[in-house]
Amino acid sequence: PLVVFDQVLDHVLRIDRVLRQPMGHCLLVGDSGAGKTVLSKFVSWMNGLQIFQIKAHSRYGIDDFNEDLRGVMRRVGVD
């Protein structure tokens, strides 16, 4: 059986409430290993949404960010 703690369920509900809103988006900030990625991917899957995650590395800079932003804008249909 899957055990879900109350705090996890609270976070799932918060993320779900935000992503269900028109133009809903969120920026999750917290300690590494706290479950931000897992919870956001789970809620996105529940709602049939696609997510984009920046893959930052030691040389990630403004040009990389601009390219990532262009890619996201192309995916959502903005020129």
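Residues numbered from 1 in each chain as written. Predicted model: local features only at pLDDT ≥ 70, side-chain atom pairs only at ≥ 80, totals over all residues. Heavy atoms only, no water.

(A) Just the overall build of the protein chain, in detail. Looking only at helices and strands, the protein chain features three helices and zero strands. Starting at the N terminus, the α and β elements of the protein chain follow one another as α-α-α. Taking 2.2 N^0.38 as the reference for a compact globule, 79 residues should give roughly 12 Å; the C-alpha atoms of the protein chain span a radius of gyration of 15 Å, well beyond that estimate. Viewed in the frame of its principal axes, the protein chain has a C-alpha envelope of about 45 × 30 × 20 Å. Sorting the 79 residues of the protein chain into buried and exposed places 10% on the buried side. A separation threshold of at least 6 residues defines the contact pool for the protein chain, and within that pool the share at least 24 residues apart is 41%. (Helix = DSSP H or I, 4+ residues; strand = E, 2+ residues; numbered from the N terminus. Rg over C-alpha atoms; globule rule 2.2 N^0.38 Å. Buried < 20%, exposed > 50% of the residue type's maximum accessible area, 1.4 Å probe, protein only. Contact = heavy atoms within 4.5 Å.)

(B) View of the layout of surface pockets. As a volume, the largest pocket reaches approximately 1300 Å³. Along its surface, the largest pocket is lined by 31 residues, and His25, Cys26, Ile51, Phe52 and Gln53 are the ones closest to its centre. When residues of the lining of the largest pocket are traced back to their parent elements, those giving at least two are helix H1 (6-20), helix H2 (36-46) and helix H3 (62-76). At seven residues, the largest contribution of residues to the lining of the largest pocket is made by H3. (1 Å grid on protein atoms, 1.4 Å probe; cavity = no way out; pocket = protein on both sides within 12 Å on 5 of 7 lines; lining within 4 Å. Points joined across faces, edges and corners; volume = space filled by probe spheres on them.)

Don't take any of this as a statement about function, it's just geometry.
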